[in-house]
Every structure is written in structure tokens, then in C-alpha cells.
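Each chain is listed here by its residues.
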Amino acid sequence: MKHWIEKHSILLSLLLVIAVMVTIFCFSAQTGTQSGAMSGRITTWVLNLVVPGFGDFSPEKQEAIRSAVGFAVRKLAHFSEYALLGFSLMLHIAQIGKKIAVRLPWLWSWGIGTLYAASDEFHQGFVAGRGPSVRDVMIDSAGVIAGALLICALLHKRGKTAIIRKNLQKDEKI
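Residues numbered from 1 in each chain as written. Predicted model: local features only at pLDDT ≥ 70, side-chain atom pairs only at ≥ 80, totals over all residues. Heavy atoms only, no water.

*Asks:* Help me understand the overall build of the protein in this model?
*Replies:* Per the secondary structure count, the protein includes six helices and zero strands. For 174 residues, the compact-globule estimate of 2.2 N^0.38 gives 16 Å, and the C-alpha radius of gyration of the protein, at 21 Å, exceeds that figure by more than 25%. A separation of at least 24 residues holds for 68% of the contacts in the protein among residues at least 6 apart in sequence. For the protein, the exposed area adds up to about 11300 Å²; of that, 70% sits on carbon and sulfur atoms. Placing the 19 positive and 11 negative side-chain charges of the protein at their respective mean positions leaves the two points 12 Å apart. (Helix = DSSP H or I, 4+ residues; strand = E, 2+ residues; numbered from the N terminus. Rg over C-alpha atoms; globule rule 2.2 N^0.38 Å. Contact = heavy atoms within 4.5 Å. Areas by Shrake-Rupley, 256 points an atom, 1.4 Å probe, with all protein chains shown as cover. Lys, Arg positive; Asp, Glu negative; His and termini not counted. Charge placed at Lys NZ, Arg CZ, Asp CG, Glu CD.)

*Asks:* Mind showing me how you'd approach the pattern of salt bridges here?
*Replies:* A side chain of one charge can pair with a side chain of the opposite charge if their charged atoms are brought near each other. Within this structure, the stated rule accounts for two salt bridges. Across the pair Glu-63 and Arg-66 runs a salt bridge whose closest N-O atoms are separated by 3.2 Å. Linking Glu-63 with Arg-66, this pair stays in helix 4 (residues 59-97), spanning three residues, or about one helical turn. Residue class for Arg-66 comes out buried when judged on its relative accessible area of 18%. (Salt bridge = Lys/Arg side-chain N within 4 Å of Asp/Glu carboxyl O. Buried < 20%, exposed > 50% of the residue type's maximum accessible area, 1.4 Å probe, protein only.)

*Asks:* For this particular structure, what's the right way to read the side chain of Asp-140?
*Replies:* Here Asp-140 shows up in helix 6 (residues 134-173). Lacking a salt bridge, the buried Asp-140 has Lys-75 as its closest oppositely charged neighbour, with an N-O distance of 7.7 Å.

*Asks:* Whenever I open this one, the packing of helix 3 (residues 32-50) against helix 4 confuses me. Can you help?
*Replies:* Describing two packed helices takes the angle between their axes plus the distance from one axis to the other. Remark: helix 3 packs on helix 4, axes separated minimally by 9 Å, with the N-to-C direction vectors making an angle of 105 degrees. It follows from the interaxial angle that helix 3 and helix 4 lie roughly perpendicular. Of the residues in helix 4, those touching helix 3 at Ser-39, Gly-40, Ile-42, Thr-43, Thr-44 and Leu-47 are Ile-65, Arg-66, Val-69, Gly-70, Val-73 and Arg-74. Across the contact of helix 3 with helix 4, the residue classes break down as five nonpolar, five polar and two charged. (Axes fitted to C-alpha atoms, helices over the stretch in contact; angles between N-to-C directions. Parallel < 35°, antiparallel > 145°, perpendicular 65-115°, else oblique. Nonpolar A, V, L, I, M, F, W, Y, C, P; charged D, E, K, R; others polar.)

The analysis is restricted to geometry; functional conclusions fall outside its scope.
Right, here's the structure in full:
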């Protein structure tokens, strides 16, 4: 099984990228009403987790807090979904890099992810109750680079541990 996964790692990582892109597209295809309702539910869930007794507050106070926090939750969702895209893009480019030399793979990941974010915001211009936002492209772009750099750090650490493991095996043979 491990050999099959290694043999098909480029295809599998590409499928992950496509899955993340399709998920983002589906979220963006929601109308403003649908998106707002989902954001409201997620914000309420987060507030119930982090604000003691939130459910006991008056409906007016709950709504005031939900309104204040809702913007941050929506933007954090943008950042997070694009961090996942950056992570998957970087993973895919790392797999391609095993076959051909890829210079500055994090930059490729960031560029592709940012172009996708811009195209996604353009797409939202055609969805009822939604509209494109340069600010969202910037937030998405920051998420992409964060995800790409996270996988870079993980792959770098993995490479270092492989070198350490190899050196330990050499020392044991001596």
C-alpha cells in the first residue's frame, strides 16, 4: 500500500488540491443569505465555546456580540480555507519536485492560490447577495502563504529527522 501511495503521490496530491478548490467554490456559490446564515451558526457555536454563559444572555445582547464577532469569524474562515489550499498546493508542488526541479515552490503555491482567490472573488460577483472584495483576496492570499510555509516547515523538519536517523544508523554500525 505504501508503495502504491508513493507511486501515485502526484495524482493524490493533485486530487487534494482539486477537492479543496471545489469546496471553496461551493462555499462561494452560496447566496448572501445562505452564507450569512452559515456564518451566523458558526459564530454562535464559537461564542458558546469561548464566552461562558453566552446562551443565557438576552437575545439582544447575544445578537450584539454575534455582530461584533461575526466579521472576524468570517475572515478567519477565509484565511483558514485558503491556508488549506496553500498547504495542499505546496504538498503537490513538493511531489512534482521529486520528478522535476521546481524553483521557489512556495512562490508557485502562493501565486496559484492567490490567482484562485482572485478568480473566486470574481465568481462571487455573479452570486446573489455576494460581491467581490479586494480585502478578501488579500486575506485569502495571506492564508495561502501561511499554509504553504507550514508544509515547507514540516517537510524541512521531516528532512532533518531523516538525516538524523540516517546518522544514528551510521553511528550504530561503528
